[in-house]
Amino acid sequence: MAKAEKLISDDDSTVIAEAKALLTVAAKEELKAAMESAKERKAQTDDDDSSEYSESEYDSESEDDSDERERRRNNSAMLALHSAISKAEEEKLIVEVSVIAEAKALLSSMMREELKAATESAKEKKCVSILQSAIAKAEKEQLVDASSIAEAKAQIPVVAEAELTAAKESAKEKKNSSTVGMTGGFGFGGRMYNGHSSHR
């Protein structure tokens, strides 16, 4: 648009005005569409979180895959909304301040919920990197309130300790399983076999 303004003469200023008006309408529609899509994703996520599983058994791997798909869909909706907001602001288009403010509030809410979900996921899976990644993203975007970020950060040592404990337990189990059967059928210095002492 800026390049076009330099090339078009003053007599054609009406053309520029019309182009700006069309661009403003397009940006506004794009922003509204992104907001509607984000709202739908948010509502669907809220419904999923509030629902309870009736099955007595379920495949944990399938649940992990489902969670990953949900995260990707949410990220896609948030990226589209973020892009629409940035476009409206960077192009300096005449989009109502209230519309942009509403879009930012929606994006902030979604990112706050994403941080909360990442915290719960990190606790459940005992994986501190999940939490650290979510915190870094929230800080970079600067759309999540400081108290939510501080709350998430406070959980880092808790999750890290749980992850370390789980790693120790796993190592202990592996060590124990490797010694199964070693107490019988093997001798030590030729003095024990089949679990009985050999006396001479």
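Refer to the structure above for everything that follows.
Please read all numbers here as calculations on a predicted model, not as lab measurements.

1. A word on the packing of helix α4 (residues 97–125) against helix α5 (residues 128–141)
Taken N-terminus to C-terminus, the directions of α4 and α5 make an angle of 165 degrees; their axes are 8 Å apart at the nearest point. One way to sum up the angle between α4 and α5 is to call them roughly antiparallel. Two packed elements cross with a definite hand, and for α4 against α5 that hand is left-handed. Packed against α4, whose contacting residues are Met111, Glu114, Leu115, Ala118, Thr119, Ser121, Ala122 and Lys125, the element α5 presents Ile130, Leu131, Ala134, Ile135, Lys137, Ala138 and Glu141 at the interface.

2. Looking at the nonpolar core
Counting residues in each nonpolar core, the largest one holds 30 residues, and the members touching the most others are Leu31, Met35, Leu81, Ile85, Leu107 and Leu115. Where this core is concerned, the elements lending two or more residues are α2 (13–50), α3 (60–90), α4, α5 and α6 (146–154). Among the elements that take part in this core, α4 stands out by supplying 10 residues, more than any other.

3. As for the packing of α6 against helix α7 (residues 156–178)
Direction vectors running N to C along α6 and α7 enclose 25 degrees, while the axes themselves pass 4 Å from each other. Classed by the angle they form, the pair α6 and α7 counts as roughly parallel. From α6, Ala152, Lys153 and Ala154 reach across to α7, where they touch Ile156, Pro157 and Val158. Per-class residue counts for the contact of α6 with α7 are 5 nonpolar, no polar and 1 charged.

About the criteria used
Residues numbered from 1 in each chain as written. Predicted model: local features only at pLDDT ≥ 70, side-chain atom pairs only at ≥ 80, totals over all residues. Heavy atoms only, no water. Axes fitted to C-alpha atoms, helices over the stretch in contact; angles between N-to-C directions. Helix = DSSP H or I, 4+ residues; strand = E, 2+ residues; numbered from the N terminus. Parallel < 35°, antiparallel > 145°, perpendicular 65-115°, else oblique. Left-handed = near helix turned anticlockwise from the far one by under 90°. Contact = heavy atoms within 4.5 Å. Core = buried A, V, L, I, M, F, W, Y, C linked by side-chain atoms within 4.5 Å. Buried < 20%, exposed > 50% of the residue type's maximum accessible area, 1.4 Å probe, protein only. Nonpolar A, V, L, I, M, F, W, Y, C, P; charged D, E, K, R; others polar.

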